[in-house]
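One letter stands for each residue in the lines below.
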Amino acid sequence: MSAVLDHPHVHGHDSHAAHDGHHAPSGWRRWVYATNHKDIGTLYLVFSLTMLMLGGVLALLIRAELFQPGLQFVNPELFNQLTTMHGLIMVFGAIMPAFVGFANWMIPIQIGASDMAFARMNNFSFWLLIPAGVMLVATFFMPGGAPSGGWTIYAPLTLQMGPSMDVAIFGLHILGASSIMGSINIIVTILNMRAPGMPLMKMPMFCWTWLITAFLLIAVMPVLAGAITMTLTDRHFGTSFFNPAGGGDPVLFQHIFWFFGHPEVYIMILPAFGIISQIVPAFARKKLFGYTSMVYATSSIAVLSFIVWGHHMFTTGFPVAGQLFFMYATMLIAVPTAVKIFNWIATMWRGSMTFETPMLFAVGFIFVFTMGGFTGLICAMAPVDIQIQDTYYVVAHFHYVLVAGSLYAMFAGYYYWSPKWTGVMYSETRGKIHFWWSLVSFNVTFFPMHFLGLAGMPRRYADYPMQFADFNAVASIGGFFFGFAQVYFVLFVVIPGMRGKGQPAPQRPWEGAEGLEWEIPSPAPFHTFETPPKLDASATRIVV
Amino acid sequence: MDSHIESTIMRRDQKRSNRQIGITLGVIAMVFFFGCIARMALLGR
């Protein structure tokens with residue numbers, strides 16, 4: 001581990017460490033009544049990892065069914081429930097809470113704040129997730145089974161479903177409320193609680209990307225809440241927002257859903273960009289290239305995300321002018337995204353790079369996410385999209401940006417920051433095994449889906465003709481290997497880390513890493529920065 | 001001024017402005033939620 005240096009750092013503020021454990025509660029009360037941002041961050045991360053595993057099991061059931069033509073394990077009704085719940089659980093239960101977990105852990109430390117702005121609301125935000133998660137999963141055991149209209153919960157399918165739809169709507173409402181409260185907390189913490197000497201334009205990129213993400217969340221989560229409330233009133237209270245039988249319009253639901261749904265895509269990727277922007281400079285041992293342009297690029301992506309929702313709806317009978325507008329607006333997003341990709345590459349250019357696991361995942365992210373970005377451009381072209389709409393090409397595209405994008409960035413972030421969280425170093429060998437195993441099996445799973453989609457295989461079907469058999473078999477084998485890789489990660493990396501097994505982590509485990517998180521001991525004391533630290537001119541070091 | 005008093009005042013002021021920003025953002029979220037439904041209910045498509 002060439003980059004692991006042990007600098008015994010002594011700072012005046014390290015007297016915080018002496019307070020460690022002073023006010024630290026113990027037993028179940030520590031977690032149920034948690035108001036400490038680090039504890040709540042841990043709770044979020046454990047919850048999202050659990051949901052990731054659950055969503056992964058659903059994915060493997062889907063892949064098992066699709067291993068060969070004909071019906072093997074599940075009937076078509078259950079298959080539709082599996083695809084729907086896999087999407088909902090992964091988006092709302094795994095990826096979003098995981099990034100909130102990262103935010104809870106790292107934002108107060110990175111900006112030199114003592115905690116999140118609203119500590120008790122933070123507790124409430126987390127504990128809302130549990131009933132919501134239970135409700136979503138419990139729908140499988142309700143009469144008629146879980147919702148099966150796809151994660152996009154399109155009307156009029158949702159108007160025709162059984163009582164599980166109401167439970168899912170309630171669960172989504174709760175998750176939305178949790179997200180909005182979490183976002184308010186993050187915005188207020190960042191805007192109002194930064195240490196003196198840290199202007200916005202010297203803030204770590206992870207905080208910047210989360211600040212922008214939080215504004216996106218506040219803008220669009222209420223829109224989703226509105227859409228599902230209208231679905232609920234259509235189902236039970238005699239309204240006809242989306243019900244054609246009463247003069248409503250199902251396409252209206254799609255407009256409202258995707259006005260939420262497309263910014264949601266960026267909600268799931270912007271914090272990932274932030275993590276990568278922290279890791280690449282650390283392991284290239286250079287400052288981030290084009291910090292200011294990174295901030296503006298992130299903001300541009302956020303603004304543009306509000307005017308591209310129509311590209312999800314090219315086959316709904318849009319006028320040509322509308323198709324052209326959404327096509328070009330979507331392509332415009334490639335510009336700020338490319339700014340970010342090129343800035344990461346420029347940061348690496350002629351840097352003294354080493355490839356510890358966080359950097360491997362970061363480079364893997366850049367490479368595979370860019371492939372997902374390119375297929376996104378292909379999907380953005382209206383004439384092409386009309387052909388590949390709802391085919392496996394789209395499935396391949398969004399798994400390239402969400403799995404190899406968001407999930408890889410989270411793995412990178414875990415390996416990068418876990419020494420600070422757990423106080424022990426993970427095993428570099430195990431980390432590298434996890435990376436290569438995931439990278440290869442991910443591509444084996446999802447790359448063939450491009451071919452399946454181009455050949456015309458539609459998504460959300462339990463069966464397919466013989467001509468699609470070979471690529472489906474390959475994708476299923478890859479899927480199981482990818483799933484096992486994540487079980488390996490949990491059993492041999494996460495659990496040993498949580499148990500404190502491994503070499504003690506130094507305060508500053510990565511010699512090229514900058515930021516206030518590396519100014520405090522490992523593991524991070526229960527309370528940090530109770531008095532605002534004095535920062536140097538770069539706002540990355542504490543002045544004694 | 002005594003540094004303890006100074007930091008207490010600073011924290012109190014910070015809490016107050018935290019609350020102001022938080023409530024503003026919460027109100028904005030509620031306006032979006034009710035606005036979305038009201039727009040569809042009152043104006044239709």
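Residues numbered from 1 in each chain as written. Chains lettered and ligands numbered in written order. Predicted model: local features only at pLDDT ≥ 70, side-chain atom pairs only at ≥ 80, totals over all residues.

Caption draft 1: Region of the structure containing the overall build of chain B. If you tally the helices and strands in chain B, you get one helix and zero strands. Taken over 45 residues, chain B has a buried fraction of 16%. (Helix = DSSP H or I, 4+ residues; strand = E, 2+ residues; numbered from the N terminus. Buried ≥ 20, exposed ≤ 12 C-beta atoms within 10 Å, placed from the backbone.)

Caption draft 2: Representation of the overall build of chain A. When you go through chain A residue by residue, the secondary structure sums to 18 helices and zero strands. The principal-axis extents of the C-alpha atoms in chain A amount to approximately 70 × 50 × 45 Å. Within chain A, the proportion of its 544 residues that are buried is 54%. Within chain A, counting contacts between residues at least 6 apart in sequence, those at least 24 apart form 83% of the total. (Contact = placed C-beta atoms within 7 Å.)

Caption draft 3: Fine view of the interface of chain A and chain B. Each partner contributes to the interface: chain A provides 22 residues, whereas chain B provides 16 residues. Within the residue set of the side of chain A that touches chain B, elements represented by two or more residues are α7 (164–192), α8 (205–236) and α9 (250–267) of chain A. Its residues assigned to classes, the side of chain A that touches chain B shows 17 nonpolar, four polar and one charged. (Nonpolar A, V, L, I, M, F, W, Y, C, P; charged D, E, K, R; others polar.)

Caption draft 4: The confidence of the model for chain B, seen in detail. Scored by pLDDT, chain B comes out at a mean of 86, with 89% of its residues at no less than 70. Of the two predicted TM-score estimates for the complex, the pTM is 0.93 and the ipTM is 0.88. (pLDDT = per-residue confidence, 0-100.)

Caption draft 5: Broad picture of unusual backbone geometry. Residues and elements named next belong to chain A. Residue Ala155 is joined to Pro156 through a cis peptide bond whose omega torsion reads 5°. Note on placement: Pro156 falls in the loop between α5 (119–138) and α6 (157–160). Backbone torsion omega between Ser522 and Pro523 reads -10°, so that peptide bond is classified as cis. As for its placement among the helices and strands, Pro523 is situated in the segment after α18 (469–498). The backbone of Asp390 shows a phi angle near 60°, a positive value even though the residue is not glycine. Look at Asp390 and you get partly exposed, because 15 C-beta atoms sit within 10 Å.

Caption draft 6: Up close: helix α11 (residues 291–304) of chain A. Residues and elements named next belong to chain A. End to end, α11 covers 20 Å across 14 residues, agreeing with the expected 20 Å (1.5 Å per residue, within 8%). For α11, the full list of buried residues reads Met294, Ala297, Thr298, Ile301 and Ala302. With its buried residues spanning 135° around the axis, α11 presents them on a single face. Looking at the buried side of α11, the elements it contacts are α8, α9, α10 (270–284) and α13 (334–348). (Expected span 1.5 Å × (residues − 1). Arc of directions from axis to C-beta.)

Caption draft 7: Representation of helix α16 (residues 392–422) of chain A in the model. Residues and elements named next belong to chain A. Largest kink in α16: about 45°, centred on Tyr416, with the proline Pro419 one to four residues after it. Among the 31 residues of α16, 29 are classified as buried, and the element is accordingly described as predominantly covered. Positive backbone phi, approximately 85°, marks Gly423, located one or two places after α16. (Bend = angle between axes of the 7 residues up to and from the residue.)

Caption draft 8: Seen up close, the nonpolar core. Within the largest apolar cluster, 181 residues are counted, with the highest numbers of intra-cluster contacts made by Ile276, Ile279, Ala362, Phe365 and Ala412 of chain A. Once you skip the residues sitting within four places of it in the chain, Ile279 of chain A turns out to touch Pro358, Met359, Ala362, Ala412 and Tyr416 of chain A. (Core = buried A, V, L, I, M, F, W, Y, C linked by C-beta atoms within 7 Å.)

Caption draft 9: Geometry of the packing of helix α4 (residues 76–111) of chain A against α16 of chain A. All names here are of chain A. Relative orientation of the contacting elements α4 and α16 amounts to 30°, with a least axis distance of 11 Å. Considering their axes alone, α4 and α16 lie roughly parallel with respect to each other. As for how α4 packs across α16, the hand of that crossing is left-handed. Here α4 contributes Ile95, Ala98, Phe102, Trp105 and Met106 to the contact with α16, which in turn contributes Leu402, Ser406, Met410, Gly413, Trp417 and Trp421. A breakdown of the residues in the contact of α4 with α16 according to their chemical character gives nine nonpolar, two polar and no charged. (Axes fitted to C-alpha atoms, helices over the stretch in contact; angles between N-to-C directions. Parallel < 35°, antiparallel > 145°, perpendicular 65-115°, else oblique. Left-handed = near helix turned anticlockwise from the far one by under 90°.)

Caption draft 10: Examining the environment of Met327 of chain A more closely. Position of Met327 of chain A relative to the elements: it lies in helix α12 (residues 320–332). With sequence-adjacent residues up to four places away left out, Met327 of chain A is seen in contact with His311, Ala380, Met381 and Ala382 of chain A.

Caption draft 11: Expanded view of the environment of His173 of chain A. All names here are of chain A. Checked against the element boundaries, His173 lands in helix α7. Sequence separation between His173 and Ala297 is 124 residues; the distance between their C-alpha atoms is 31 Å. Those residues in contact with His173 that sit more than four places away from it in its chain are Ala225 and Ile228.

Caption draft 12: Just the packing of α7 of chain A against α8 of chain A, in detail. Residue and element names in this part refer to chain A. Direction vectors running N to C along α7 and α8 enclose 155°, while the axes themselves pass 8 Å from each other. Regarding the angle of α7 to α8, the classification is roughly antiparallel. Once α7 is placed against α8, the crossing between them reads as left-handed. Its residues assigned to classes, the contact of α7 with α8 comprises 18 nonpolar, five polar and two charged.

Caption draft 13: Inspection of the environment of Ser427 of chain A at higher detail. Take Ser427 of chain A: it is sitting in the loop between α16 and α17 (428–454). In sequence terms Ser427 of chain A and Gly248 of chain A are 179 residues apart; their C-alpha atoms lie 58 Å from each other.

Caption draft 14: Region of the structure containing the confidence of the model for chain A. All names here are of chain A. Chain-level pLDDT for chain A is 94 on average; 96% of the residues reach the 70-or-more range. No element of chain A has a lower mean pLDDT than helix α1 (residues 15–19), which averages 44, and none a higher one than α17, which averages 98. Across residues 1–21, where pLDDT falls below 50, the model places 39 contacts with residues more than four positions away in sequence or in other chains.

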